[in-house]
Amino acid sequence: MIRRRLLFRVCIAGAALALLSAALTVYVFVRSGGSFFPGRGGEPAFRENFHQKLRDYDDFAAAYPPFADLSRRLDALEKEALGTESRLSLLKRRRFLALGGFSGGWEECLAAAERAADRFPGDEAVLAVASEAAARCGFPEKALGYASGITEKALLPLAFGAASLAGAFETPEKAAALERSGDFFLSAAGQAGPASAGPGFVINAAIVRVLAGDVRGAGQLIPSLSGPVSGPDGVSGKALNFAAEYYYDFGDLRRAAEIYARLGGEENMGRAADALALAGDREHAKSLWIVLSSPDENGFVVTPPALLARSLYNLAAASEAPGEKLNLILRALSIDPGHLCSLVLYSRLLPLDQALALLANSGANRTEPLVDLELLRRRREEWPVEKMIPETWLLLNRHHAQAGHTPVGRPGAAILYRWGCYYFDFQKQYGESARLIRSAERNGIGGLWLDFHRALALLRENNFAEAEALLLAIEEAYDRDGTRADAGDPAVAVRDRAGGNFWPVPANLGRIREAARSFDEALGYYKTAASRAGGVDAARIWYRAAGCLRALGRDREARAALEQGLSLDGENLPIRLELTRLNELGIF
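Draft legend 1. Summary view of the overall build of the protein. When its secondary structure is counted, the protein shows 31 helices and zero strands. Every one of the 588 residues in the protein was classed for burial, and the buried ones make up 51%. Within the protein, contacts between residues at least 6 apart in sequence are counted, and of these 57% link residues at least 24 apart.

Next comes the structure, spelled out in structure tokens:
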């Protein structure tokens, strides 16, 4: 359910284009006094004569003559223009021709703006027109050159928009280069706010801060985008959607859900449900999925098919009743037979031979990593470890070219590496684990899950200090809701099946602290791990916690911990034996 990061969901150029067109039109119109503003230092007779010719041009343009005729008239008027405002009036009209679809209009606008910039190099309004025209004509370096000469506060949004159109912020590397050079665009982004610019500029400013690695700084701009909604397609609606995406990607999932709910509509309701589920609020998420999958008062389900199938899948995944789970997943597949997650979940409800046949005949078993992986997972039930090891490597090789490059929403080949690490460690094939970790590093695949397996390898080598440092770094990457500080990539998220934090991290930190005889610290880690785990896993952790309590002389608390573990796993023999021993010692 996690989508890709904010930077790859937002069309920077689109936002910049809308901002630039609107703001530049208004600014140039005002600067040029509507149809005309007298040139500085011109003679009154000239001004009145030129003014009349502009009025004649506007009357001529209102009759919708051919664009070429209008362009020729502007060429003639340019020869008579003296001051910058006169030139700006003509540039405004050239922009209207280009915006109206005149072939070559932007090229002519750029040429005219360059002539004006050569004659009046200090006029920033002319530079703003030149930077926009250069960006639209595909000359990014030239656009940046003109934009970098703009310092006037009212024109900064225009310069920023032109820089965005020119691709100045399209990659982290370019943004970082701007930051190192002290370019004014980043300082303008840092000063952006509702009082100094519109939402388009604030959005671009937030994007630049994120690209430069200042996620917290970007977050300081987001509240200014959370004003009243003028409609899903209105400017404030788009700004609010951007705010929701930011909060979704960078950890404040409940806030994201609240904003999606404010936006309204089926798609936003689906996004709100996703955010709530990731925040651990499954009950409220389920209520939204139920609404999305239910008919309206007229008996029709109005939710778009793709969202409907996804909602049904999520309900099926959350259901504990086998019959209900099966009905929901079959309904999802009837709506979207190609929904891979539904296909995989359905296969898990089938006996082995039927599941293998379903997956193998799906047509996606060799092209989709998720389906190919599920085939191998199910074959563990009939294949020995000796066969599973080479098959795991063959699986990785089949999808090597896709590693880290699959579209968002489609599980990538990096998930295969993650599963391979788990399988090899579980089977105590530590040599294979080491090879797989090295292969992942060579292929540029990583994440907290890989750091965790590195830590396990260090523990096996008795390198407790480095293992502890890695585990602590993983633990610190989580916020209070159990989401990654840089959430967004499903291939690197480290989460348990319930959607909470990954309990083996604090559990292993507890083992390290216990081995160092720091029982108080170990106990704290064990309690954290037990709160995240469930069932037999939590029972085993409570057993370790009881050992620390005994070492601290807190025998009655140790007994309570053991009883807590036994309530989770009544068949846990070590816990039963330890309770018997405490009974013999008279500890009740």
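After that view, the rundown keeps rolling.
Draft legend 2. A look at the pattern of salt bridges. In this structure the tally under the stated criterion is 35 salt bridges. Arginine 94 serves as the salt-bridge partner of aspartate 75, at 2.7 Å between the closest nitrogen and oxygen. Separated by 19 residues along the polypeptide, aspartate 75 in helix H3 (residues 67–80) and arginine 94 in helix H4 (residues 84–99) bring together distant segments of the chain. A salt bridge links lysine 387 to glutamate 391; the nearest nitrogen and oxygen atoms lie 3.8 Å apart. Separated by four residues within a single helix, lysine 387 and glutamate 391 lie in helix H22 (residues 385–398), roughly one turn from each other.

Draft legend 3. Here's a closer look at the packing of aromatic side chains. As enumerated under the stated definition, the model contains eight aromatic pairs in all. Against the face of tryptophan 393 rests arginine 435, its NZ or CZ located 4.3 Å from the ring centre.

Draft legend 4. Geometry of the environment of alanine 98. Tracing the backbone shows alanine 98 in helix H4. Alanine 98 has contacts with Gly105 and Trp106, leaving out every residue within four places of it along the chain.

Draft legend 5. Up close: the packing of helix H28 (residues 519–532) against helix H29 (residues 535–551). Their axes nearest at 9 Å, the elements H28 and H29 cross at an angle of 160 degrees. The pairing of H28 with H29 is recorded here as roughly antiparallel in orientation. In this structure, H28 meets H29 at a crossing whose hand is left-handed. Between H28, through Phe519, Ala522, Leu523, Tyr526, Lys527, Ala529 and Ala530, and H29, the contact on the second element is made entirely by Ala538, Ile541, Trp542, Arg544, Ala545, Cys548, Leu549 and Ala551.

Draft legend 6. Quick peek at the side chain of asparagine 508. For asparagine 508, the location among the structural elements is in helix H27 (residues 504–515). Discounting residues that sit within four places of it in the chain, asparagine 508 has contacts with Phe452, Leu456, Leu459 and Leu471.

Draft legend 7. Spotlight on the nonpolar core. Judged by nonpolar contacts, the single largest core of 50 residues is most densely connected at Ile222 and Leu225. Here this core takes eight residues from helix H13 (residues 235–249), the largest share from any one element. Those residues within four positions of isoleucine 222 in sequence are excluded, and the remaining contacts are Ala206, Phe242, Ala243, Tyr246 and Tyr247. Ranked by size, the runner-up nonpolar core spans 30 residues in total, among them Trp106, Ala133, Ala135 and Ala143.

Draft legend 8. Representation of a nonpolar patch on the surface. A surface patch of nonpolar side chains, amounting to about 210 Å² of accessible area, comprises Leu326, Leu330 and Leu349. Note that leucine 330 resides in helix H18 (residues 322–335). For leucine 330, a relative accessible area of 37% puts it in the partly exposed group.

Draft legend 9. Structural context of the environment of arginine 513. Residue placement: arginine 513 occurs in helix H27. Taking relative accessible area as the criterion, arginine 513 reaches 16% and is therefore assigned buried. C-alpha of arginine 513 to C-alpha of glycine 524: the two residues are eleven residues apart in sequence and 9.9 Å apart in space. What arginine 513 contacts, discounting residues up to four positions off in sequence, is Glu468, Ser518, Glu521, Ala522 and Tyr525. Within polar-contact distance, the side chain of arginine 513 engages the side chain of glutamate 468 at 3.0 Å.

Rules behind the numbers
Residues numbered from 1 in each chain as written. Predicted model: local features only at pLDDT ≥ 70, side-chain atom pairs only at ≥ 80, totals over all residues. Heavy atoms only, no water. Helix = DSSP H or I, 4+ residues; strand = E, 2+ residues; numbered from the N terminus. Buried < 20%, exposed > 50% of the residue type's maximum accessible area, 1.4 Å probe, protein only. Contact = heavy atoms within 4.5 Å. Salt bridge = Lys/Arg side-chain N within 4 Å of Asp/Glu carboxyl O. Phe/Tyr/Trp six-rings, centres within 6.5 Å; stacked < 30°, edge-to-face > 60°. Lys NZ or Arg CZ within 6 Å of the ring centre and 35° of its normal. Axes fitted to C-alpha atoms, helices over the stretch in contact; angles between N-to-C directions. Parallel < 35°, antiparallel > 145°, perpendicular 65-115°, else oblique. Left-handed = near helix turned anticlockwise from the far one by under 90°. Core = buried A, V, L, I, M, F, W, Y, C linked by side-chain atoms within 4.5 Å. Patch = residues over 30% accessible without salt bridge, like charges linked within 9 Å, V, L, I, M, F, W, Y side chains within 5 Å. Areas by Shrake-Rupley, 256 points an atom, 1.4 Å probe, with all protein chains shown as cover. Polar contact = N/O pair within 3.5 Å; in protein donor to acceptor, adjacent residues only side chain to side chain.

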